[in-house]
Amino acid sequence: MATLARTNPALRRLKTPVLCAALFAAAPLSAAETAAAPTGAAPASFAIAGARVFDGDTLLPSATVLVRDGLIAEVGAKVRVPAGTAVIDGQGATLLPGLIDAHTHSFGMARSDALRFGVTTELDMFNASGQLTAAKTERSGRARTDRADLWSAGTLVTAKGGHGTQYGVPIPTLDDPAQARAFVDARIDEGSDYIKLVLEELRDAQGKPRLNTLSEASLRAAIQAAHARKKLAVVHVSRAEEAKLAIDAGADGLVHINADRLDDPQLIEAIKRRGAFVVPTLTVEHSAYGAGNGKQLIADPRLAPFLSSAQKDELGRGFGWRVEPDKAKNATENVRLLHRAGVAVLAGTDAGNPGTSHGASQHGELELLVAAGMSPVEALRAATSTPARSFGLSDRGRIAPGLRADLVLVDGDPTADIAATRAIRTVWKNGYPVDRAVSMPTLQPGAVATWNAGQPGPRWVASFDAYMGGKSKSQLQAGQGGGTALAAKGDLVAGLPQPWAGLMLMPGPTPMAAADARSVRELSLRLRGDGRPVSVLVFSGKELPGTPGLQLVPTQAGQWQQVSVPLAGMANVDLSLLRGIAFAAGGAPGAFEFEIDTVELR
């Protein structure tokens, strides 16, 4: 999420601030995140014959790969395929190890989106700790699954008021170096696979810091604590001076490339001497500075049929800043300098940011790495064996006996033309072929659970303006009368042109993901307010953020009332692409509370 923080100026200019609050202030996990992966019997043996095989390091011009029980059994030109084994013709194609994206933020449908494009493993750099235990269980087995495996830093190490705290989700912060060991231990106890630390002073137009950052003492103490627990310590940086400090403090890797200036030989030598790796995330760097490749990926006929509508939205978005081509060029040139010096460069996208999407953007990242001076073979290593070795993933990243059968068969030869990675024939995860079909979810009429098994219903999220720099807060809790009522409670705080706090109903698997709701005509619910008006905003259509449909509902303190929102025929509402229905507290700044119950789509 390195450059997510940098979007604030752009977000302030959006037509509807509610959108951003809904996207980034949704703390609860979605149903897609908490659901168990599908299971099945051990996969049957099969072989892929006659394909070029890039094994993660080198190219075999023609070989057979035998898979047995989800693992690679044999690789070579003279492999004997047992009688009765299914054989897949690989003529004219190249077999690759499953791709590894070395910098993501994997919420909602991210891991399913990634897998459709051959990314079988995501290395997440900031995530909710609640899904880490399940992720470890999934990746240790070989069950059939529809999503990529996940390794994660969990909660990042940042200062109070630092990068990572602005998204509306409360997280612990480190401000006393004496507490570094306990802080790191807590992250590992939550399930963090490695420790990510933040050096970032987001600056305003005058160059003044707008975010706090870790002190040097805290940085050094936290890296030392990570190493004491035998965990990698990777550092988020955006400027050369931050990169120098991180390397001097003992960082094992930098998870962004700095674009403020070209790196000097001393910094490059220090990174090399340290043996640190760099995940440059050129995809998001280029997007941030107005040179993103998202729209090109949408237009690529090899990718477009497998992009969901939400992914197309993500790839089509920009940061909204002024275009700064010199910084994009600096980022690319710094990758060239690091690679030329022999520094390990890993392919990672920072997917989750504007102009990126899980899976598809990894193919764009490979192209950017080649443009930065890497050969296609070197770029493929950066997305397979190099991240596997750098992060100690011993069972993947290569095609070799005993490793798991995470495989991608593509038409053509990506060792000669890197764009051939996009021409995917088949993806296998744990030896199972992946269904790459994508369809928009359909929203049907019926009751919508508001409170279920001690938790808000899976379609509901709290939403407020903290991500926009506002100070409003909202949380979801049981209504005053108990039962199934869902309450939004918090504070509406002045400071933005449109301060916002409330809740949102998600028709899709994640906030603002579109669903086909053409079979729905209206929304019916009971509402009890505190005397403030409640705004009902309906987001829809191809354009993000777009202009929402709006219905203002007056309330009488403590009185339940029946509310009907006529979705069909409402101005600015396209039910073929329904994205969200938000309820916002209105009126003057101050504490608010409202409840909803008996919600039904008709």
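Bear in mind that the values here come from a model prediction, so they are computed numbers and not experimental data.

Novice: Could you give me a rundown of the packing of aromatic side chains, with the residues and numbers involved?
Specialist: Counting across every chain of the model gives 5 aromatic pairs. A ring pair is formed by phenylalanine 46 and tryptophan 428, whose centres lie 5.6 Å apart and whose planes are at 20°; its orientation type is stacked. Here phenylalanine 46, found in strand E1 (residues 46-54), pairs with tryptophan 428, found in strand E15 (residues 424-429); they are 382 residues apart in sequence, far enough to count as distant. Given the relative accessible area of 7%, phenylalanine 46 is considered buried. The buried category is assigned to tryptophan 428, whose relative accessible area is 3%. Each ring, one from phenylalanine 277 and one from phenylalanine 391, has its centre 5.1 Å from the other, and the planes form 45°; the classification is tilted. Note that phenylalanine 277 is positioned in strand E12 (residues 277-278) and phenylalanine 391 in the loop between helix H16 (385-390) and strand E14 (407-411), a separation of 114 residues in sequence. Residues phenylalanine 277 and phenylalanine 391 agree in their burial class; the two are buried.

Novice: I'd like a description of the pairing of strand E23 (residues 501-505), backed by residues and values.
Specialist: Where a strand is regular, its side chains alternate between the two sheet faces. Burial within E23 is extensive, with 5 of its 5 residues counted as buried. Across 5 bridges, the pairing between strand E20 (residues 460-464) and E23 is antiparallel. Residue tryptophan 460 lies in a different strand from E23, and its bridge partner there is leucine 505.

Novice: Report on the environment of arginine 187, specifying residues and quantitative values.
Specialist: On the secondary structure map, arginine 187 appears in helix H6 (residues 180-190). In contact with arginine 187, other than residues within four places in its own chain, are Thr155, Pro172, Ser192 and Ile195.

Novice: Talk me through the environment of leucine 60; I want residue IDs and the actual numbers.
Specialist: By the element assignment, leucine 60 lies in strand E2 (residues 59-68). Residue classification places leucine 60 among the partly exposed positions, given a relative accessible area of 26%. A sequence separation of 11 residues divides leucine 60 from alanine 49, and the C-alpha atoms of the two residues are 12 Å apart. When sequence neighbours within four positions are dropped, the list of residues in contact with leucine 60 reads Ala51, Arg52, Val53 and Val75.

Novice: How would you sum up the nonpolar core? Please name residues and give values.
Specialist: Ranked by internal contacts, the top residues of the largest apolar core, which has 69 residues, are Leu197, Val235, Leu254, Ile271 and Leu369. The element that contributes the greatest number of residues to this core is helix H7 (residues 216-228), accounting for 6 residues. Counting 47 residues, the second-largest nonpolar core is a separate cluster that includes Val461, Leu476, Ala585 and Phe594.

Conventions adopted
Residues numbered from 1 in each chain as written. Predicted model: local features only at pLDDT ≥ 70, side-chain atom pairs only at ≥ 80, totals over all residues. Heavy atoms only, no water. Phe/Tyr/Trp six-rings, centres within 6.5 Å; stacked < 30°, edge-to-face > 60°. Helix = DSSP H or I, 4+ residues; strand = E, 2+ residues; numbered from the N terminus. Buried < 20%, exposed > 50% of the residue type's maximum accessible area, 1.4 Å probe, protein only. Pairing = 2+ DSSP bridges. Contact = heavy atoms within 4.5 Å. Core = buried A, V, L, I, M, F, W, Y, C linked by side-chain atoms within 4.5 Å.

Everything listed here is a matter of coordinates, which is why it stays silent on function.
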